[in-house]
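Each chain is listed here by its residues.
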Amino acid sequence: MSKTFQNISGTFDILPDAFNADGTVIESSASWHFVEERIREVMAHYRYLEIRTPVFEPTELIARGVGELTDIVSKELFSFERGDTHYVLRPELTAPAIRAYLQHHLAQKGGVQKLFYMGPCFRAEKPQKGRYRQFHQFGVEVIGASDARADAETVAVMMQIYASFGLKDLVLKINSLGDEQTRPAFKNALQEYFEPLASELSDTSRRRLKTNPLRILDTKVEREQELVKGAPRLIDYIDDASREHYEAVKGHLSDLEISYTEDPFLVRGLDYYTRTAYELDSPHLGAQSTLAGGGRYDLLAQELGSSEAIPAVGFAAGLERLFLALAGEGVKLPDAVKTDVYIVAQGEAAEKWAFKTANEWRSSGLHVAFDLQGRSMKAQMRDANRHGASKVVIVGEDELTSGKAIVREMETGDQETVPLHDLLDRLRDVVR
RNA sequence: GUGGCCGUAGCUCAGUCGGUUAGAGCGCCAGGUUGUGGCCCUGGAGGUCGGGGGUUCAAUUCCCCUCGGUCACCCCA
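Model, not experiment: these values are computed from the prediction.

A. Region of interest: the pattern of salt bridges. This model, assessed by the stated rule, comprises 24 salt bridges. The salt bridge partner of Glu 360 is Lys 356, with a shortest N-O separation of 3.4 Å. With Glu 360 and Lys 356 both in helix H12 (residues 348-363) and four residues apart, this pair spans about one turn of that helix. Each of the salt bridges in this network shares a partner with another, and the network as a whole consists of Lys 173, Asp 263, Glu 279 and Asp 281.

B. Spotlight on the pairing of strand E12 (residues 341-345). Among the five residues in E12, five count as buried, and that is most of the element. The alternating pattern of E12 places Val 341, Ile 343 and Ala 345 and Tyr 342 and Val 344 on opposite faces, both of which are buried. Where E12 and strand E13 (residues 368-370) come together, three bridges link them in parallel fashion. Among the inter-strand pairings, Tyr 342 is bridged to a residue of E13, identified as Ala 369. As for the winding sense of the linkage, the β-α-β connection from E12 through H12 to E13 is right-handed. Sheet analysis places E12 next to strand E14 (residues 391-395), joined by five bridges and oriented parallel. Its bridge partner being in E14, Val 344 is matched across the sheet by Ile 394.

C. The arrangement of the side chain of Thr 182 in detail. Here Thr 182 lies in helix H6 (residues 182-194). Aside from chain neighbours lying at most four places away, what touches Thr 182 is Leu 177, Leu 234, Tyr 237, Ile 238 and Asp 239.

D. Highlighting helix H8 (residues 222-229). Taken residue by residue, H8 has Glu 224, Leu 227 and Val 228 as its buried positions. The buried side chains of H8 occupy one side of the element, clustering within an arc of 105° when seen end-on. Opposite the packed face of H8, turned more than 90 degrees from it, sit the exposed residues Glu 222, Arg 223, Glu 226 and Lys 229. Considering only its buried residues, H8 is in contact with H6 and helix H7 (203-211).

E. Up close: the packing of aromatic side chains. If you walk through the whole model with that rule in mind, you get 14 aromatic pairs. Judged by centre distance (5.9 Å) and plane angle (40°), the rings of Phe 56 and Phe 80 are tilted. Linking Phe 56 in strand E2 (residues 56-58) with Phe 80 in strand E3 (residues 79-82), this pair joins segments that are 24 residues apart in sequence. Phe 80 sits in the partly exposed class, given a relative accessible area of 37%. Consider the rings of Tyr 273 and Tyr 297, whose centres lie 6.2 Å apart with planes at 75°: the pair is edge-to-face. Linking Tyr 273 in the loop between strand E8 (261-262) and strand E9 (274-281) with Tyr 297 in the loop between strand E10 (290-296) and helix H10 (300-303), this pair joins segments that are 24 residues apart in sequence. Take Tyr 273: its relative accessible area is 8%, and that puts it in the buried class. Here the aromatic cluster, defined as three or more aromatic residues joined through ring pairs, consists of Phe 12, Trp 32, Tyr 132 and Phe 323. A cation sits over an aromatic face here: Lys 114 above Tyr 48, 4.6 Å from the ring centre.

F. Expanded view of the sheet that holds E2. Here three strands make up an open sheet; going across it, the order is E2-E4-E3 and the pairing antiparallel. Bordering the open sheet on either side are E2 and E3, each of which pairs with just one other strand. Pairs of neighbouring strands in the sheet enclose a mean axial angle of 35°, with direction left out of account. Taken strand by strand, helix H2 (residues 59-66) contacts E2 and strand E4 (85-89), and its axis lies near 80° from that of E2.

G. Broad picture of the nonpolar core. Counting residues in hydrophobic clusters, the biggest one holds 47 residues, and the most contacted among them are Ile 62, Ile 98, Ile 143, Leu 190, Phe 194, Leu 217 and Tyr 297. Here this core spans two domains, since at least three of its residues come from each of domain 1 (29-179 + 238-328) and domain 2 (181-234). The contacts of Ile 143, once residues within four sequence positions are left out, are Ile 98, Tyr 101, Val 112, Gln 113, Leu 115, Ile 310, Pro 311 and Ala 312.

H. Seen up close, the domain arrangement of chain A. When cut into domains, chain A gives domain 1 (29-179 + 238-328), domain 2 (181-234) and domain 3 (341-431). Averaged C-alpha coordinates put domain 2 and domain 3 at centres separated by 71 Å.

I. Up close: the environment of Ser 146. Structurally, Ser 146 is set in the loop between strand E6 (134-143) and helix H5 (148-164). Measuring from C-alpha to C-alpha, the distance between Ser 146 and Val 313 comes to 8.2 Å, with 167 residues separating the pair along the chain. Setting aside residues up to four positions removed in sequence, Ser 146 forms contacts with Asp 151, His 245, Arg 296 and Pro 311.

J. Spotlight on the environment of Lys 210. Relative to the elements of secondary structure, Lys 210 occurs in helix H7. Given the relative accessible area of 66%, Lys 210 is considered exposed. Taking the C-alpha atoms as reference points, Lys 210 and Glu 195, 15 residues apart in sequence, are found 9.5 Å from one another.

Procedures and definitions
- Residues numbered from 1 in each chain as written.
- Chains lettered and ligands numbered in written order.
- Predicted model: local features only at pLDDT ≥ 70, side-chain atom pairs only at ≥ 80, totals over all residues.
- Heavy atoms only, no water.
- Salt bridge = Lys/Arg side-chain N within 4 Å of Asp/Glu carboxyl O.
- Helix = DSSP H or I, 4+ residues; strand = E, 2+ residues; numbered from the N terminus.
- Buried < 20%, exposed > 50% of the residue type's maximum accessible area, 1.4 Å probe, protein only.
- Pairing = 2+ DSSP bridges.
- Right-handed = clockwise from strand over helix to strand, strands pointing away.
- Contact = heavy atoms within 4.5 Å.
- Arc of directions from axis to C-beta.
- Phe/Tyr/Trp six-rings, centres within 6.5 Å; stacked < 30°, edge-to-face > 60°.
- Lys NZ or Arg CZ within 6 Å of the ring centre and 35° of its normal.
- Axes fitted to C-alpha atoms, helices over the stretch in contact; angles between N-to-C directions.
- Core = buried A, V, L, I, M, F, W, Y, C linked by side-chain atoms within 4.5 Å.
- Domains from an automatic or database assignment.

What follows is the structure in structure tokens.
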């Protein structure tokens with residue numbers, strides 16, 4: 001009758017050590033802290049300020065913001081309701097960020113808002129490598145700037161984050177999707193081109209011809225790739241202003257010495273992108289390849305109720321995929337915070353002393369640990385070693401009566417006797 | 001949602017062509033050192049062989065179902 005519980009499929013626990021009870025290798029909480037902090041540092045240098053929004057939002061916001069017809073909205077939302085209100089767990093963070101921008105009238109603060117976010121998102125997909133039902137994204141939104149430098153800067157901060165981890169196997173792809181006329185027109189052109197060739201297409205491609213003809217373009221079937229060569233090109237359907245903007249973005253990227261590949265078939269999955277679209281790929285993500293994706297979405301604010309157009313550009317990136325890339329390139333992440341001092345106590349009086357002293361030293365800035373099971377000295381020493389303690393303070397009956405304790409350097413095994421009232425000063429050098 | 005593969009100790013796995021008390025390494029606990037870690041030696045704890053049903057004298061081993069994991073498709077971070 002007694003049965004323990006398990007985390008929901010597609011979710012995972014982040015433990016102090018880098019493994020889960022089910023054998024799944026998930027990075028340790030220390031690794032997460034390290035990665036998150038590094039991201040925050042870079043964001044701070046670029047002067048992006050954090051925005052935190054709730055993990056659930058009204059269904060309507062997400063449906064409008066992400067697009068009713070996208071897979072995300074049509075089949076991947078976790079939804080629930082109370083009374084007449086329908087809610088969803090957020091599947092991404094751009095729509096919530098724009099919602100907050102409009103709700104709090106951030107435009108009235110003047111200038112351009114440069115925001116970043118980091119937190120969990122939820123999609124009801126079947127989990128696989130690099131894809132989870134609760135996953136974590138970070139990203140930026142530059143709101144209120146149509147300048148091509150804004151596009152380029154979001155790419156720059158993104159690249160800087162990955163570069164700061166020492167990642168090398170990165171491929172940056174960019175494209176322009178044109179204005180709101182462009183995609184439908186291009187889609188029609190593709191359908192007209194492939195329709196007569198339908199009999200030569202694979203089943204999946206024939207299905208895509210109806211639903212999402214753009215995806216035929218990145219088919220892996222060789223015979224179809226031949227057909228794709230003759231297909232219409234998106235670039236020919238783009239309006240002049242978008243084309244100019246695209247050229248400007250590319251120029252700025254070159255100025256920043258960011259290398260990229262132009263991919264005329266790159267289309268982002270979400271409905272709201274216009275003009276610039278980009279994607280950062282890594283070969284270490286299993287069947288997935290996208291580390292981060294972004295672009296411009298000048299129409300989104302209006303879609304979410306703004307009376308005027310508000311230009312915006314940004315990217316979203318997956319933390320789990322970042323970890324996969326780091327593992328794939330052999331980047332070492334730090335272990336848990338080490339212990340400065342471990343107090344080994346023998347006897348009731350010494351245990352009492354250790355308990356009280358540990359607390360004092362901790363408030364003085366030391367990382368202090370001690371045994372909570374009243375175990376043997378040997379067991380405590382072993383525990384100290386496991387903690388990676390750099391020093392051990394040994395206290396027993398003798399030490400308390402003589403007013404001196406033993407300080408042991410764990411690395412060398414050197415020991416010395418130190419008066420109890422000098423201990424803290426003696427130990428401080430551990431933390432510089 | 002569909003499909004492939006997998007499911008034996010905390011972890012990584014071996015094993016049983018169906019047959020007495022299911023193994024190893026690592027980890028954990030303890031002893032070797034009655035007050036001292038890491039190395040070494042010795043011992044110990046820990047498994048309803050994912051769960052349910054079936055076939056059989058007998059199932060962890062064969063069959064069915066189910067649950068879980070994983071990878072892939074679709075799509076995406």
